[in-house]
Amino acid sequence: MAVLLLCSSVKSSSFSPSRFGNVGVSSTTKQKTSTFLLRGGDVETGAAATVVSPPAAIDNTNTAASIVSPPSTTSTSIAAAVSNGGEVKKANSKMGPNSTPPGPLRRLFPSFPWHVLPNYLTYARCLSIPIFLALSYYPTEFPNRAPVLSIIFALASITDWFDGFLARRWDITSPFGAFLDPVADKLMVSTALIALAGRYGGIVAIPAAIIMAREVGVSALREWMAQQGKRDSVKVGMQGKVKAALTMVSLTLMLLVPEGVGLESVSWTKCLGTLGIGGAGNVVEGVVNAGWGWMLGPSLLMLFASAIITVTSGSVYFRAALPVLLGKE
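Draft legend 1. Focus on the side chain of Ser306. Relative to the elements of secondary structure, Ser306 occurs in helix H8 (residues 296–325). What Ser306 contacts, discounting residues up to four positions off in sequence, is Ile211, Lys243, Leu246 and Thr247.

Draft legend 2. Inspection of the pattern of salt bridges at higher detail. Under the counting rule described, the total for this entry stands at seven salt bridges. Across the pair Lys243 and Glu215 runs a salt bridge, and its minimum N-O distance is 2.3 Å. With a gap of 28 residues between them, Lys243 in helix H7 (residues 238–256) and Glu215 in helix H6 (residues 202–227) connect regions that are remote in the sequence. For the residue pair Lys243 and Glu215, the accessibility class agrees, reading buried in each case. Ionic contacts of the salt-bridge type, sharing partners, join the residues Arg125, Asp163, Asp181 and Asp185 into one network.

Draft legend 3. Structural context of H7. Between its terminal C-alpha atoms H7 stretches 27 Å, which fits the 27 Å expected from 19 residues at 1.5 Å a residue. Every buried residue of H7 is accounted for by Gly240, Lys243, Thr247, Met248, Ser250, Leu251, Thr252, Met254, Leu255 and Leu256.

Draft legend 4. Structural detail: the nonpolar core. Membership of the largest hydrophobic core comes to 30 residues, with the highest contact counts inside it found for Phe132, Phe153, Tyr200, Val204, Leu251, Met254 and Leu296. Only helix H3 (117–135), helix H4 (145–170), helix H5 (175–200), H6, H7 and H8 provide two or more residues apiece to this core. At seven residues, the largest contribution of residues to this core is made by H5. Setting aside anything within four residues of it in sequence, one finds Val204 in contact with Leu193, Leu196, Ala197, Met254, Leu300 and Leu303.

Draft legend 5. H3, seen in detail. Between its terminal C-alpha atoms H3 stretches 27 Å, which fits the 27 Å expected from 19 residues at 1.5 Å a residue. Every buried residue of H3 is listed here: Leu117, Pro118, Asn119, Leu121, Thr122, Arg125, Ser128, Ile129 and Phe132. Residues of H3 that are buried in the fold lie against H4, H5 and H7.

Draft legend 6. Highlighting the packing of H4 against H5. Contact geometry of H4 with H5 gives a least axis separation of 11 Å together with a crossing angle of 160 degrees. By the angle between their directions, the pair H4 and H5 is classed as roughly antiparallel. For the element pair H4 and H5, the recorded crossing hand is left-handed. From H4, Ile152, Phe153, Ala156, Asp160 and Asp163 reach across to H5, where they touch Asp181, Asp185, Met188, Val189 and Ala192.

About the cut-offs
- Residues numbered from 1 in each chain as written.
- Predicted model: local features only at pLDDT ≥ 70, side-chain atom pairs only at ≥ 80, totals over all residues.
- Heavy atoms only, no water.
- Helix = DSSP H or I, 4+ residues; strand = E, 2+ residues; numbered from the N terminus.
- Contact = heavy atoms within 4.5 Å.
- Salt bridge = Lys/Arg side-chain N within 4 Å of Asp/Glu carboxyl O.
- Buried < 20%, exposed > 50% of the residue type's maximum accessible area, 1.4 Å probe, protein only.
- Expected span 1.5 Å × (residues − 1).
- Core = buried A, V, L, I, M, F, W, Y, C linked by side-chain atoms within 4.5 Å.
- Axes fitted to C-alpha atoms, helices over the stretch in contact; angles between N-to-C directions.
- Parallel < 35°, antiparallel > 145°, perpendicular 65-115°, else oblique.
- Left-handed = near helix turned anticlockwise from the far one by under 90°.

Okay, here's the thing in structure tokens:
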């Protein structure tokens with residue numbers, strides 16, 4: 001009889017049994033009991049299995065000899081080693097059970113920690129916020145400020161989509177990543193909105209205030225609904241995704257407008273009265289590049305559209321949560 005024990009301190013791609021001692025031999029059945037160490041990765045709890053070998057399969061002349069079991073008995077003993085309710089995880093596998101097969105990059109660089117790549121992208125998005133804010137004002141003479149800020153914000157926006165795509169494709173998640181991902185998105189958008197509101201005044205400040213107020217309200221609503229066990233009723237919908245995409249595109253285009261291009265270049269803003277009067281931030285002599293100035297008008301319209309969708313999508317979440325808020329459920 002052989003007892004198989006599991007040990008997680010040794011990582012291997014397959015289970016490899018090794019005997020480290022004999023317990024005894026039954027005098028009635030002539031069956032031998034041996035203790036085995038079954039080594040495998042990612043298994044935390046131990047489990048035991050029994051291998052019964054025929055008397056003829058035991059070498060009694062040498063107590064250190066290995067037990068020879070029929071192939072079917074050996075395979076049964078390996079299958080009997082279980083953990084976590086009967087499942088044995090693949091060694092060194094950090095992906096989820098529904099992960100897609102490795103692609104060319106994962107096969108080319110198998111030692112890279114791919115399972116933490118979505119979190120790395122989120123960290124990079126957080127790191128881009130202070131860099132973006134610093135470059136918005138320093139150095140004072142920075143001829144390429146507009147394209148640099150636009151590229152930083154665009155890359156951060158792309159990582160927002162890409163880290164979620166990878167997490168779903170590889171079926172991986174972490175509590176810290178689930179918390180930080182939406183926070184990083186809101187911080188990046190809020191920083192860009194505040195910087196642009198300082199440059200163009202109320203015409204950007206008003207939609208910025210609407211967007212930021214909605215984000216705070218919906219985030220608080222989701223947290224409260226989660227405490228009630230009904231978070232799924234206010235999960236992100238299609239309108240929320242459209243709003244997020246439209247906001248990021250509009251801010252990327254507005255950041256591409258160079259310094260020195262003010263609201264006077266957009267004819268329809270004159271109909272807004274004082275809201276249509278605004279400067280262009282720190283205007284540096286000789287830095288004006290009006291080639292991208294035409295983007296200011298379309299980007300403002302997109303920002304207004306994003307603010308409208310922000311209100312409609314937020315109302316959808318609050319209507320869904322209204323029965324719980326009123327105590328009817």
